[in-house]
Amino acid sequence: FTKPRFFMGRFFDRLSRLDPDFVFVTGDLIDDRRGILPCVENLKKLKPKRGVYVVLGNHDYRRYPFMQQIKRLLTKAHFGIERPEGETEELKQALVGAGFKLLINQNTTAALAENQHAVIVGIDDPFTGRADSNRAFQGIQKAALHIVLVHSPIIFPSLGRQRVDIAFSGHTHGGQVRLPGIGALPAASRLEPIIDSTDRYGFVGLVSRGMGASPP
């Protein structure tokens, strides 16, 4: 979100008619501080039985001006500018204030049917070096279902060492851009094993295609 957008609001209006058990949000919620309010207001339209669980992504920690993205394409170097002090914290407070469960390298439990429960592990953004899997899994309980939320699926291969049934992520958007007959562009094709949903690491890994993109 950068500001209120009609198609986003309409999408969430339609989504609110569903009756899910959980809503999992895997990061990149904003591109601009102005996006915090419409992001939270749209998420509040959703009424899952067992709550909304959120992890943050690289766009929630960094800004990506157009020239920085050009530099990235030319140099292959990591890029982005840290958000002004307090901006990410404002997003966190807005999410928690709305009643969502924000997981920053931590885990929690959620009730399931028939006296069973799920463990939900939230790993902070790997792309900006904030992921701490050891901390996120610390004290994890045995449960009927073990769920992991993380923004970038680049961490999927390492999760095989943990007790995981299913992991949800985003970031690669199914390859970002795919050309008919060619596939993902080179920068994304290097991530081919984790662009799409997969079960190659001993658990089901679901990669969201996303529902938007940064303005450039």
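Residues numbered from 1 in each chain as written. Predicted model: local features only at pLDDT ≥ 70, side-chain atom pairs only at ≥ 80, totals over all residues. Heavy atoms only, no water.

A. Spatial organisation of the overall build of the protein. Tallying secondary structure elements over the protein gives eight helices and twelve strands in all. Taking 216 residues into account, the globule formula puts the C-alpha radius of gyration at 17 Å, and the protein, at 17 Å, falls close to it. Taking the principal axes of its C-alpha atoms as reference, the protein extends roughly 55 × 35 × 35 Å. The burial tally for the protein puts 42% of its 216 residues in the buried class. For the protein, restricting intrachain contacts to residue pairs at least 6 apart in sequence, the fraction spanning at least 24 positions comes to 64%. Within the structure as shown, the protein displays about 11700 Å² of accessible surface, and the carbon and sulfur contribution to it stands at 52%. Looking at charge distribution, the protein has the averaged site of its 29 positive side-chain charges lying 3 Å from that of its 21 negative ones. (Helix = DSSP H or I, 4+ residues; strand = E, 2+ residues; numbered from the N terminus. Rg over C-alpha atoms; globule rule 2.2 N^0.38 Å. Buried < 20%, exposed > 50% of the residue type's maximum accessible area, 1.4 Å probe, protein only. Contact = heavy atoms within 4.5 Å. Areas by Shrake-Rupley, 256 points an atom, 1.4 Å probe, with all protein chains shown as cover. Lys, Arg positive; Asp, Glu negative; His and termini not counted. Charge placed at Lys NZ, Arg CZ, Asp CG, Glu CD.)

B. Geometry of the nonpolar core. Val25, Leu29, Leu43, Val54, Leu56, Leu95 and Phe100 are the most contacted members of the largest nonpolar core, which totals 19 residues. Contributions of two or more residues to this core are made by β1 (23–26), α2 (36–43), β2 (52–55) and α5 (87–97). The dominant element in this core, judged by the number of residues it contributes, is α2, at four residues. Once residues within four sequence positions are removed from consideration, Leu56 is found in contact with Gly27, Leu29, Tyr61, Thr88, Leu91, Lys92, Leu95, Leu102, Ile104, Asp124, Asp125 and His151. Judged by nonpolar contacts, the second largest core, of 16 residues, contains Ile123, Phe156, Leu159 and Val164. (Core = buried A, V, L, I, M, F, W, Y, C linked by side-chain atoms within 4.5 Å.)

C. A look at helix α1 (residues 6–15). Residues of α1 that are buried include every one of Met8, Gly9 and Phe12, and no others. Buried residues in α1, looked at end-on, bunch into an arc of 95°, giving them a common side. Among the exposed residues of α1, those oriented more than 90 degrees off its buried face are Phe6 and Arg14. Summarising the contacts, the buried residues of α1 are in contact with α2. (Arc of directions from axis to C-beta.)

D. Looking closely at the sheet that holds strand β5 (residues 101–102). Overall, parallel pairing links the three strands, which are arranged β1-β2-β5 in an open sheet. The open sheet has two edge strands, β1 and β5, and neither has a second partner. Of the pairings in the sheet, the one linking β2 to β5 comprises two bridges and is parallel in character. Note on β5: the bridge partner recorded for Tyr53 is Lys101. (Pairing = 2+ DSSP bridges.)

E. The environment of Ser158, seen in detail. Among the structural elements, Ser158 can be located in helix α7 (residues 156–159). Residue classification places Ser158 among the partly exposed positions, given a relative accessible area of 25%. A C-alpha to C-alpha distance of 9.0 Å links Ser158 and Ser133, two positions 25 residues apart in sequence.

By themselves, these are just geometric observations and shouldn't be taken as functional.
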